[in-house]
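# Descriptive analysis of the structure
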Amino acid sequence: MRGKLLFLGGLAAGFVLGARAGREKYEELKATAMKIKESPTVQEAAGVVQEQATRLYSEGKTKVTDKLANSRFAESDLGQRLMGSSETSTTPAIERDVLATTGSSKTTTSGGTSY
């Protein structure tokens, strides 16, 4: 019971102190976060991370497709659809599903990377 009272007391104290800081402190923190986000250094790092993620995605997709192509599963109807052997689409189903999930479309950047 004592632990519960201490917890509730701490919760109440945090609420009161947080309310006193108010909207001004929130706006200050928000402005600082936006300044950091828009920093050229952070933007450059985000670009590097994006390139690495794209490279890892491509390598992983290639490995999975190769493994799938060398398995008994590849001979099944589902395997053929996943690997893109369908007459209805030139994009493999695996890639279409990933693109649909991420909400992105295939584009080519100036560096020739497509994602």
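Residues numbered from 1 in each chain as written. Predicted model: local features only at pLDDT ≥ 70, side-chain atom pairs only at ≥ 80, totals over all residues. Heavy atoms only, no water.

With that settled, the discussion passes to the overall build of the protein. Of regular secondary structure, the protein possesses four helices and zero strands. In sequence order, the secondary structure elements of the protein are arranged as α-α-α-α. Looking at the 115 residues of the protein, the share that counts as buried comes to 7%. Taking the intrachain contacts of the protein between residues at least 6 apart in sequence as the baseline, contacts between residues at least 24 apart amount to 22%. (Helix = DSSP H or I, 4+ residues; strand = E, 2+ residues; numbered from the N terminus. Buried < 20%, exposed > 50% of the residue type's maximum accessible area, 1.4 Å probe, protein only. Contact = heavy atoms within 4.5 Å.)

Looking at the protein as a whole, the pLDDT averages 75, with 70% of positions reaching at least 70. Within the protein, no element has a lower average pLDDT than helix α4 (residues 93-102), which sits at 59, and none a higher one than helix α2 (residues 40-69), at 90. With pLDDT under 50 throughout, residues 106-115 is counted as low confidence; its partners more than four residues away or in other chains account for 14 contacts. (pLDDT = per-residue confidence, 0-100.)

What follows is about the pattern of salt bridges. Within this structure, the stated rule accounts for one salt bridge. For the salt bridge of Glu59 with Arg55, the shortest nitrogen-to-oxygen distance reads 3.3 Å. Of the two residues, Glu59 and Arg55 both sit in helix α2, four residues apart, roughly one turn of that helix. (Salt bridge = Lys/Arg side-chain N within 4 Å of Asp/Glu carboxyl O.)

Here the focus is the environment of Ala74. When you line up the elements, Ala74 lands in the loop between α2 and α3 (77-82). Discounting residues that sit within four places of it in the chain, Ala74 has contacts with Leu68, Ala69, Gly79, Gln80 and Met83.

Looking now at a nonpolar patch on the surface. A surface patch of nonpolar side chains, amounting to about 340 Å² of accessible area, comprises Phe7, Leu8 and Leu11. For Leu11, the location among the structural elements is in helix α1 (residues 2-37). For Leu11, a relative accessible area of 51% gives the class exposed. (Patch = residues over 30% accessible without salt bridge, like charges linked within 9 Å, V, L, I, M, F, W, Y side chains within 5 Å. Areas by Shrake-Rupley, 256 points an atom, 1.4 Å probe, with all protein chains shown as cover.)

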